[in-house]
Amino acid sequence: MISFLKSLMSDGDDQKKPSNSDEEHIATAALLIEAALSDDDFKDVERQAILDVLERHYKISESEATELLHDAEKAQAEAGQLFYFTRTVKESFPIETRVQMIEMLWEIAYADGVLSKFEANLVRRVAGLIYVSDRDRGNARKRVLARLGIDPD
C-alpha cells in the first residue's frame with residue numbers, strides 16, 4: 001500500500017520520496033474526493049470545499065492544498081478502491097484524528113447543500129473501515145450541520 005502511494009508520487013523519479021505525512025495527506029484527500037464523487041457529480045463547490053478543508057485541517061496554503069488535491073486525484077484514480085486509503089488512515093491516525101476525518105467527509109457530503117444516499121452510505125462505510133463508532137460518526141455529522149447552519153431534520 002505504502003509502496004503503491006510512493007510509486008504514484010514518484011513518477012519514476014526517486015529523488016522525491018513522499019514522507020509518511022505525505023501519504024497520510026494523500027489518503028485523506030483521496031477519501032474526500034471519494035465523498036465528492038459518490039453521487040457521480042463532482043461539483044466545483046465540492047472541489048472548493050475539499051481545498052478549504054485541507055487548508056484548514058493541515059494548515060497549508062492554497063497552492064499546497066491544490067497540489068495535494070491533484071496528487072490525491074491521481075492516487076484515487078489509480079487505486080479504484082477505498083481500502084488503500086482507509087487502511088492508511090486507520091493505521092496512521094489516532095481515533096481523534098479519524099473522527100475528524102469523518103467530520104471532513106460530512107462537510108464534503110453537505111458542500112453542495114444536498115446529502116445523497118450515496119454520500120451518506122460512503123461516510124458510513126468509511127467510518128466502519130477506519131473504526132469510528134456510529135456514535136462518533138453521528139456526533140461528527142451534528143457538529144458539521146451546526147457549523148454549516150443546516151437543520152438536521
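Participant: Can you help me understand the overall build of the protein in this one?
Facilitator: When helices and strands are counted, the protein shows 8 helices and 0 strands. Taken over 153 residues, the protein has a buried fraction of 45%. Summarising the internal contacts of the protein: among those between residues at least 6 apart in sequence, 72% fall at separations of at least 24.

Participant: What is the right way to read helix α4 (residues 62-79) from this model?
Facilitator: For the α-helix, the turn length of 3.6 residues means that residues three or four positions removed from each other point alike. Its 18 residues place the ends of α4 25 Å apart at the C-alpha level, agreeing with the 26 Å of an ideal helix rising 1.5 Å per residue. Among the residues of α4, those classed as buried are Ala 65, Leu 68, Leu 69, Asp 71, Ala 72, Ala 75, Gln 76 and Ala 79. Directly after α4, the chain includes Gly 80, whose backbone phi takes a positive value near 70°.

Participant: Whenever I open this one, the side chain of Glu 107 confuses me. Can you help?
Facilitator: Assignment of secondary structure puts Glu 107 in helix α6 (residues 95-109). The exposure class of Glu 107 is buried, given its relative accessible area of 11%. Here the side chain of Glu 107 touches Arg 147 through a polar contact of 3.1 Å, side chain to side chain. Not counting chain neighbours up to four residues away, the residues in contact with Glu 107 comprise Val 53, Arg 56, Val 144 and Arg 147.

Participant: Can you walk me through α6 in this structure?
Facilitator: The terminal C-alpha atoms of α6 lie 21 Å apart, and with 15 residues this matches the ideal 21 Å at 1.5 Å per residue to within 8%. Residues of α6 that are buried: Thr 97, Arg 98, Val 99, Met 101, Ile 102, Glu 103, Met 104, Leu 105, Trp 106, Glu 107, Ile 108 and Ala 109.

Participant: Looking at this model, I keep getting lost on the nonpolar core. Mind explaining?
Facilitator: In globular proteins that are soluble, nonpolar side chains generally tend to be buried together. Counting residues in hydrophobic clusters, the biggest one holds 43 residues, and the most contacted among them are Leu 32, Ile 102 and Leu 105. Elements represented by at least two residues in this core include exactly α2 (20-37), α3 (44-58), α4, α5 (82-92), α6, α7 (117-129) and α8 (134-148). The dominant element in this core, judged by the number of residues it contributes, is α2, at 9 residues. Once you skip the residues sitting within four places of it in the chain, Leu 32 turns out to touch Ile 50, Val 53, Leu 54, Met 101, Met 104, Leu 105 and Ile 108.

Participant: Any chance you could explain the environment of Ala 111 here in plain terms?
Facilitator: Its place among the elements puts Ala 111 in the loop between α6 and α7. For Ala 111 and Glu 46, which are 65 residues apart along the polypeptide, the C-alpha to C-alpha distance reads 5.5 Å. In this structure Ala 111 touches Val 45, Glu 46 and Ala 49, once residues within four positions along its chain are discounted.

The rules behind each value
Residues numbered from 1 in each chain as written. Predicted model: local features only at pLDDT ≥ 70, side-chain atom pairs only at ≥ 80, totals over all residues. Heavy atoms only, no water. Helix = DSSP H or I, 4+ residues; strand = E, 2+ residues; numbered from the N terminus. Buried < 20%, exposed > 50% of the residue type's maximum accessible area, 1.4 Å probe, protein only. Contact = heavy atoms within 4.5 Å. Expected span 1.5 Å × (residues − 1). Polar contact = N/O pair within 3.5 Å; in protein donor to acceptor, adjacent residues only side chain to side chain. Core = buried A, V, L, I, M, F, W, Y, C linked by side-chain atoms within 4.5 Å.

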